[in-house]
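# Fold and geometry: a report
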Amino acid sequence: MIKIIVIIIVAVYIITLIVDIRITSSLNYISILNALTSFPILIYWVNKELRITQHHFEMRETVVLVAECLSGAAALYTILSNNTNAFFNITQYIIYGLHFIALILFGVFVFTFKMTRMF
């Protein structure tokens with residue numbers, strides 16, 4: 001089941017990239033996908049932290065969370081302000097690329113170790 005979900009998400013990322021490049025509209029699909037990626041990661045982390053009793057924050061965990069907060073904030077700003085600033089567009093594409101690379105690596109992990117459940 002998880003393999004099908006990973007394949008569908010990769011397809012959505014590829015289709016979103018093609019649509020965003022081909023269609024020059026004011027709606028920025030990459031920013032929407034970045035927001036839809038960043039906020040579930042943050043929600044998952046909050047739920048995980050509420051379940052455990054002893055809290056240890058590693059440096060890499062903190063760096064990832066700060067980066068996800070910044071990417072979510074940049075995505076929301078781009079969506080709500082309908083900003084066509086080149087800096088924000090480039091930032092959104094970089095964040096999109098990082099999320100896409102992480103998703104591909106997760107897919108390799110899922111297919112290599114034959115995962116059947118997420119949790």
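Basis of the calculations
The numbering scheme is per chain: residues are counted from 1 as the chain's sequence reads. Only residues with pLDDT of 70 or above have their local features reported here, since the model is predicted, and side-chain atom pairs are shown and tallied only from 80 upward, although totals for entire chains, interfaces and linings are computed over all residues. Remark: hydrogens and water are excluded; side-chain values derive from all non-hydrogen atoms of the structure. Runs of H or I in DSSP of at least four residues are treated as helices and runs of E of at least two as strands, each being numbered from the N terminus. Exposure classes here rest on a 1.4 Å probe applied to the protein chains alone. A residue is buried below 20% of its type maximum, exposed above 50%, and partly exposed in between. Only heavy atoms matter for contacts: two residues are in contact if any of them lie within 4.5 Å across the pair. Exposure was quantified through the Shrake-Rupley algorithm and a 1.4 Å probe, taking into account, for residues, occlusion by the shown protein chains and nothing else. His is not counted, nor are the chain ends, whereas Lys and Arg count as positive and Asp and Glu as negative. We put the charge of a Lys on NZ, of an Arg on CZ, of an Asp on CG and of a Glu on CD. Multiplying 1.5 Å by the residue count of a helix minus one yields the expected span of that helix. Two N or O atoms form a polar contact when they lie within 3.5 Å of each other; inside protein one atom must be a possible hydrogen donor and the other a possible acceptor, and for residues adjacent in sequence the pair counts only when both atoms belong to side chains. The pairing test for Phe, Tyr and Trp rings, Trp by its six-membered ring, is centres within 6.5 Å, and the orientation test on the planes gives stacked under 30 degrees, edge-to-face over 60, and tilted for anything in between. Definition used for salt bridges: Asp or Glu carboxyl oxygen within 4 Å of a side-chain nitrogen of Lys or Arg.

## Some words on the overall build of the chain
- In terms of helices and strands, the chain carries four helices and zero strands.
- If you list the helices and strands of the chain from N to C, you get α-α-α-α.
- Taking the principal axes of the C-alpha coordinates as reference, the chain spans close to 45 × 30 × 20 Å.
- With 119 residues in all, the chain has 28% of them scored as buried.
- A separation of at least 24 residues holds for 67% of the contacts in the chain among residues at least 6 apart in sequence.
- By element, 75% of the accessible surface of the chain is carried by carbon and sulfur atoms, the whole surface being about 8,400 Å².
- In the chain, which carries 7 positive and 5 negative side-chain charges, the distance between the mean positions of the two groups comes to 13 Å.

## Focus: helix H2 (residues 29-51)
- Between its first and last C-alpha atoms H2 spans 34 Å; for 23 residues at 1.5 Å apiece the expected length is 33 Å, and the two agree.
- Buried within H2 we find Ile30, Ser31, Leu33, Asn34, Ala35, Thr37, Ser38, Leu42 and Glu49.
- Contact partners of the buried residues in H2: helix H1 (2-22), helix H3 (59-81) and helix H4 (86-112).

## Focus on the side chain of Thr37
- As for its position among the elements, Thr37 is in helix H2.
- On the accessibility criterion, Thr37 (17% relative accessible area) is buried.
- In terms of polar contacts, Thr37 uses its side chain to reach the backbone carbonyl oxygen of Leu33, at 2.8 Å.
- Residue contacts for Thr37: discarding those within four places in its chain leaves Tyr13 and His99.

## Remarks on the packing of aromatic side chains
- Applying the stated criterion across every chain, the model contains six aromatic pairs.
- Between Tyr77 and Phe88, the ring centres sit 4.9 Å apart and the planes meet at 45 degrees, which makes this aromatic pair tilted. With Tyr77 in helix H3 and Phe88 in helix H4, the pair connects residues that are eleven residues apart, well separated along the chain.
- Ring pairing ties together the aromatic residues Tyr13, Tyr96 and Phe100, which thus form one cluster.

## With respect to the pattern of salt bridges
- Counting across every chain of the model gives two salt bridges.
- Note that Lys48 and Glu61 form a salt bridge whose closest N and O atoms lie 3.5 Å from each other. Within this pair, whereas Lys48 is found in helix H2, its partner Glu61 is found in helix H3, the two being separated by 13 residues in sequence.
- Residue Lys48 is classed as partly exposed on the basis of its relative accessible area, which comes to 27%.
- A relative accessible area of 19% places Glu61 in the buried class.
- A salt bridge links Arg60 to Glu58; the shortest N-O distance between them is 2.8 Å.
- Taking relative accessible area as the criterion, Arg60 reaches 63% and is therefore assigned exposed.

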